[in-house]
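Observations on chain architecture
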Amino acid sequence: MRCPVCNNEMELGFLQGMNRVAWVKKPHRVSLNPKQGEILLENNTIKDFVFSSWICKECRKILVDYSDKEIKEG
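Our subject in this report is the structure included herewith. Note that this is a predicted model, so its numbers are computed, not measured.

What counts and how
- Residues numbered from 1 in each chain as written.
- Predicted model: local features only at pLDDT ≥ 70, side-chain atom pairs only at ≥ 80, totals over all residues.
- Heavy atoms only, no water.
- Phe/Tyr/Trp six-rings, centres within 6.5 Å; stacked < 30°, edge-to-face > 60°.
- Buried < 20%, exposed > 50% of the residue type's maximum accessible area, 1.4 Å probe, protein only.
- Lys NZ or Arg CZ within 6 Å of the ring centre and 35° of its normal.
- Pairing = 2+ DSSP bridges.
- Helix = DSSP H or I, 4+ residues; strand = E, 2+ residues; numbered from the N terminus.
- Core = buried A, V, L, I, M, F, W, Y, C linked by side-chain atoms within 4.5 Å.
- Contact = heavy atoms within 4.5 Å.
- Disulfide = S-S within 2.5 Å.

Let's talk about the packing of aromatic side chains
Summed over the entire model, instances satisfying the criterion amount to 1 aromatic pair. Plain terms: the ring middles of F49 and F51 are 5.6 Å apart, the flat faces sit at 55° to each other, and that makes the pair tilted. Summarising the burial analysis for this pair, F49 and F51 share the class buried. The cationic tip of K69 hangs over the ring face of F51; the distance from NZ or CZ to the ring centre is 4.8 Å.

Structure (structure tokens):
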């Protein structure tokens with residue numbers, strides 16, 4: 001996949017971590033209920049989360065694929 005910012009080739013991998021992940025308009029404490037316009041991508045206090053993603057090491061951007069996740073929208 002080509003980077004949409006710099007057009008260099010991106011490397012496929014995974015974005016991995018623990019607990020909650022949300023896309024928000026302004027930084028704030030992530031809660032169980034996303035605010036309007038926000039998306040709670042992962043809410044797991046027991047195990048880690050994994051998202052397929054592509055990284056561009058040239059311009060330091062990451063594209064995340066969450067199409068296989070059940071999400072909660074605010």
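Description of the pairing of strand β3 (residues 61-65)
Relative to β3, strand β2 (residues 39-56) runs antiparallel, the two being bridged by 5 bridges. Directly across from W54, in β3, lies its bridge partner L63.

Concerning the nonpolar core
Membership of the largest hydrophobic core is limited to 5 residues, which are V21, I39, L41, F49 and F51. Here the element with the most residues in this core is β2; it accounts for 4 residues. Excluding residues within four positions of it along the chain, V21 makes contact with I39, L40, L41, E42, F49 and F51.

Comments concerning the state of the cysteines
This structure, assessed with the given rule, holds 0 disulfides. The thiol of C3 is not disulfide-bonded; the next cysteine sulfur, from C59, is found 3.5 Å away. Classification of C3 by relative accessible area gives buried; the value is 3%.

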